[in-house]
Amino acid sequence: MQDGLTILSPAGFLDAHTAPEFETAVEQEIEAGHRKLIVDCQGLTYISSAGLGVFMSFLEELRESGGDIKICGPSPKVLQVFEILGFPAIFDMLPDVAAAVKRYAECPVKGGE
Amino acid sequence: MQDGLTILSPAGFLDAHTAPEFETAVEQEIEAGHRKLIVDCQGLTYISSAGLGVFMSFLEELRESGGDIKICGPSPKVLQVFEILGFPAIFDMLPDVAAAVKRYAECPVKGGE
Amino acid sequence: MPSLERTFILQVPSSTENLVMIRDFVTSIAEQAGLTPGEVADMELAVDEACANVMEHAYGRDMTKEVSVRATLDGDTVEIDVIDTGQGFDPTAVEQLELDKLISSRRSGGLGMRLMKKLMDEVHYEMIPGKKNELRMIKRLRKK
Amino acid sequence: MPSLERTFILQVPSSTENLVMIRDFVTSIAEQAGLTPGEVADMELAVDEACANVMEHAYGRDMTKEVSVRATLDGDTVEIDVIDTGQGFDPTAVEQLELDKLISSRRSGGLGMRLMKKLMDEVHYEMIPGKKNELRMIKRLRKK
Ligand SMILES: Nc1ncnc2c1ncn2[C@@H]1O[C@H](COP(=O)(O)OP(=O)(O)O)[C@@H](O)[C@H]1O
Ligand SMILES: Nc1ncnc2c1ncn2[C@@H]1O[C@H](COP(=O)(O)OP(=O)(O)O)[C@@H](O)[C@H]1O
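Each value, and the rule that gives it
- Residues numbered from 1 in each chain as written.
- Chains lettered and ligands numbered in written order.
- Predicted model: local features only at pLDDT ≥ 70, side-chain atom pairs only at ≥ 80, totals over all residues.
- Heavy atoms only, no water.
- Near = heavy atom within 4 Å.
- Polar contact = N/O pair within 3.5 Å; in protein donor to acceptor, adjacent residues only side chain to side chain.
- Areas by Shrake-Rupley, 256 points an atom, 1.4 Å probe, with all protein chains shown as cover.
- Helix = DSSP H or I, 4+ residues; strand = E, 2+ residues; numbered from the N terminus.
- Nonpolar A, V, L, I, M, F, W, Y, C, P; charged D, E, K, R; others polar.
- Buried < 20%, exposed > 50% of the residue type's maximum accessible area, 1.4 Å probe, protein only.
- Contact = heavy atoms within 4.5 Å.
- Buried area = accessible area lost by both parts, 1.4 Å probe.
- Salt bridge = Lys/Arg side-chain N within 4 Å of Asp/Glu carboxyl O.
- Phe/Tyr/Trp six-rings, centres within 6.5 Å; stacked < 30°, edge-to-face > 60°.
- Pairing = 2+ DSSP bridges.
- Axes fitted to C-alpha atoms, helices over the stretch in contact; angles between N-to-C directions.

Undergrad: In this structure, what is going on with the site of ligand 2? I would like to understand it.
TA: Residues and elements named next belong to chain D. Near ligand 2 you find Asn-53, His-57, Ala-58, Phe-89, Val-94, Gly-109, Gly-110, Leu-111, Gly-112 and Met-113, and these make up its full shell. Within the backbone of Gly-112, one N or O atom sits 3.3 Å away from an oxygen atom of ligand 2. One nitrogen or oxygen atom from the main chain of Met-113 is found 3.0 Å from an oxygen atom belonging to ligand 2. Burial of ligand 2 by the protein amounts to 80% of the accessible area it has alone, namely 530 Å². Going through the elements one at a time, α2 (37–58) and α4 (112–119) are the ones with two or more residues in the shell around ligand 2. Top contributing element to the shell around ligand 2 by residue count: α2, with three residues. Tallied by class, the residues present in the shell around ligand 2 amount to five nonpolar, five polar and no charged.

Shown next as structure tokens:
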């Protein structure tokens, strides 16, 4: 595995009830100096806008310091929510962790090519 | 397999909504001349008194003509309902189909030994 | 500090098709109240029996009517009230036959009220003729 | 023959913990109405967003308040009404920023109302100040 990549794997549902916990997990990684995050959504059965908000609020900060959030593995149901709101235009969205790792090697910051 | 045994396998939940369908299935077997029934409860996730009622209403008729209902394979949750109401004192309850078949060989009608 | 009382209400059309929703509702609340899996299953079955009786007996399968289930949690008990506006009845006048008697008379019913009483700590009926009928069932939390 | 109108009501305490129950309730009804799996998922999400907004904004996380969801099915539509008694708001005054603007201002919210509008065929707010606020959402059944 490439140096300095951090994988987060939220599982179950990510809604207004569980988003704060996921937000704390992301914050802790950032505080620990980790900037290149991969969020593996394979275990996610459901996401609402409260869950999406966690992705939104940290993106600028990470990209400013050479990091990024790459999203991978969402089920069709979860992917559909990202797509309705236009996330694929802004976030790198990959099929699985391997593809996300590869993407970091090719292009650490989406749009920064 | 022993001659003349009929296996019924209700699946999912057996409540006031689904019991009529199961009742019809039992009735059809009886009309077709089948008297020795095995009800395999392995696929049952839930039973209420409406489901138990199907077992109750045909037992006398079957036993009078040398048949029986042997119940097998209930999960602990389903078995618990049979037990609360005292079914094991009246019905042969076995762990699986093989045991129910064996029981028919030893003792076609419970209580008729 | 006294624990906050929480109330949940589910109202559905009087059709046995909706017993699944009622069971899911009760299961969620019983889990939230901290009951054990066995107690959750007991409460699920007791409320199913109560609602199936309303659908069949109180409303005589009239699907234009409604069944309400109200659950109230405090720190000590889970109270479930099943409410209908159908024909009431006199629960004390219902003959409770043993299982062998029911079977020898080829009955397919007669176990529902007995089940509720075995599964819950308290079961009370309150009938206000022509207005509403309420069945109150209580499960006490076992303190660990 | 006009199809029977059916009404379902769920009322829960205003706590995000109860969003799961609300989603299960909506999913059961949407399936019963004959929506496709994709439409069921749309409705589940739209109602979750509406109720999360009530819990967070209308009631400001006051868990002693209650959120009601009423679903009405006829043969043509599924109507969902989300009702609260909290502080109303003026939906027309809410600025709708694009996703890139929200991200560059490091916002974690601002997508809920847009989602509801994309997922449902109709979305209307009706506020009666100090009495109740009602959000009505409609999904029309596609005839096959
Ligand atoms: N909610 C109710 N409204 C009217 N009658 C009822 C109600 N619940 C029970 N009963 C009466 O009591 C009888 C016994 O009920 P129960 O023990 O649940 O068995 P079952 O419903 O299988 O007959 C019913 O047959 C019915 O006559
Ligand atoms: N039910 C409501 N009661 C009061 N204010 C609301 C309600 N729903 C939405 N709002 C207001 O509209 C804004 C936008 O809502 P929304 O698009 O769902 O995004 P978010 O809830 O993530 O902020 C909220 O921030 C809030 O100010």
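Undergrad: What is the right way to read unusual backbone geometry from this model?
TA: For residues that are not glycine, phi is negative in most cases, and the peptide bond is trans in most cases. All names here are of chain C. Backbone geometry at Arg-106 places phi at a positive 55°, although glycine is not the residue there. With respect to the helices, strands and loops of the structure, Arg-106 is situated in the loop between α3 (99–104) and α4 (112–119). Take Arg-106: its relative accessible area is 38%, and that puts it in the partly exposed class.

Undergrad: Can you help me understand the site of ligand 1 in this one?
TA: All names here are of chain C. Surrounding ligand 1, one finds Asn-53, His-57, Ala-58, Phe-89, Val-94, Gly-109, Gly-110, Leu-111, Gly-112 and Met-113. Asn-53 places a side-chain nitrogen or oxygen 2.7 Å from an oxygen atom of ligand 1. At a separation of 2.7 Å, an oxygen atom of ligand 1 approaches a polar side-chain atom of His-57. Protein contact buries 80% of the 530 Å² of open area that ligand 1 shows by itself. Broken down by secondary-structure element, the contributors of at least two residues to the shell around ligand 1 are α2 (37–58) and α4. Looking at the shell around ligand 1 element by element, the count peaks at three residues for α2.

Undergrad: Looking at this structure, how should I read the interface of chain D and chain A?
TA: Think of interface size as the accessible area that goes away when the parts come together; that is how it is often given. Contacts between chain D and chain A engage 26 residues on the former and 24 residues on the latter. For the pairing of chain D and chain A, the buried interface totals around 2,100 Å² over both sides, and the portion due to carbon and sulfur atoms is 66%. Taken as a group, Leu-99, Ile-103 and Arg-106 of chain D account for 29% of the area that chain D buries against chain A, more than any other trio of residues on that side. Counting every contact that joins chain D to chain A gives three salt bridges.

Undergrad: In this structure, what is going on with the environment of Lys-77 of chain A? I would like to understand it.
TA: Considering the arrangement of structural elements, one finds Lys-77 of chain A in helix α3 (residues 76–84). With a relative accessible area of 35%, Lys-77 of chain A lands in the partly exposed category. For the pair Lys-77 of chain A and Tyr-46 of chain A, spaced 31 residues apart in sequence, the C-alpha separation works out to 7.4 Å. Among residues more than four places away in sequence, those in contact with Lys-77 of chain A are Thr-45 and Tyr-46 of chain A together with Ala-41 and Glu-44 of chain D.

Undergrad: Quick question: what am I supposed to make of α4 of chain D here?
TA: With six of eight residues buried, α4 of chain D lies mostly within the body of the structure. Regarding α4 of chain D, the residues found buried are Gly-112, Met-113, Arg-114, Leu-115, Met-116 and Leu-119 of chain D. Those residues of α4 of chain D that are buried are in contact with α2 (49–64) and α3 of chain A together with α2, α3 (99–104), β4 (122–128) and β5 (132–140) of chain D.

Undergrad: So what exactly am I meant to see when it comes to the packing of aromatic side chains here?
TA: Aromatic rings in a pair are described by how distant their centres are and how their planes are angled relative to each other. Applying the stated criterion across every chain, the model contains 12 aromatic pairs over all chains. Note on Phe-22 of chain B and Phe-55 of chain B: the rings are 5.8 Å apart at their centroids and 50° apart in plane angle, and the pair reads as tilted. Of this pair, Phe-22 of chain B sits in helix α1 (residues 19–31) while Phe-55 of chain B is found in helix α2 (residues 49–64), placing the two residues 33 residues apart along the sequence. Note on Phe-22 of chain B: relative accessible area 7%, which makes it buried. Measuring from centroid to centroid gives 5.1 Å for Phe-89 of chain D and Tyr-125 of chain D, while their planes differ by 85°, and the two rings are edge-to-face. With a gap of 36 residues between them, Phe-89 of chain D in the loop between β3 (77–84) and α3 and Tyr-125 of chain D in strand β4 connect regions that are remote in the sequence. Residue class for Phe-89 of chain D comes out partly exposed when judged on its relative accessible area of 36%. Taking the relative accessible area as the measure of exposure, Tyr-125 of chain D reaches 25% and is therefore partly exposed.

Undergrad: Can you walk me through the arrangement of the chains in this structure?
TA: One finds no contact linking chain A with chain B; the least C-alpha distance across the pair is 23 Å. In this assembly chain B lies apart from chain D, the nearest approach of their C-alpha atoms being 14 Å.

Undergrad: I would appreciate a short explanation of the side chain of Asn-133 of chain D in the present structure.
TA: Here Asn-133 of chain D lies in strand β5. Ignoring sequence-local partners within four residues, the contact set of Asn-133 of chain D consists of Val-82, Ile-83, Asp-84, Thr-85, Gly-86, Gln-87, Gly-88, Glu-126, Met-127 and Ile-128 of chain D.

Undergrad: Help me understand the sheet that holds strand β5 (residues 68–72) of chain B, please; the structure alone is not making it clear to me.
TA: Strand pairing in a sheet relies on backbone hydrogen bonds. The paired strands run either parallel or antiparallel. All names here are of chain B. If you trace the four strands from one edge of the open sheet to the other, you get β1-β3-β5-β6, paired in parallel fashion. Two strands close off the open sheet at either side, each with one partner strand: β1 (5–8) and β6 (92–94). Strand-to-strand twist across the sheet, computed as the mean angle between neighbouring axes with direction ignored, equals 25°. Two strands pair when backbone bridges link them, and strand β3 (residues 36–40) and β5 are joined in this way by five bridges, in the parallel orientation. The residue of β5 that forms the bridge with Ile-38 is Lys-70. Strands β3 and β5 of the sheet are contacted by α2, whose axis makes an angle of about 135° with β5.

Any functional reading would require information that these geometric values do not contain.
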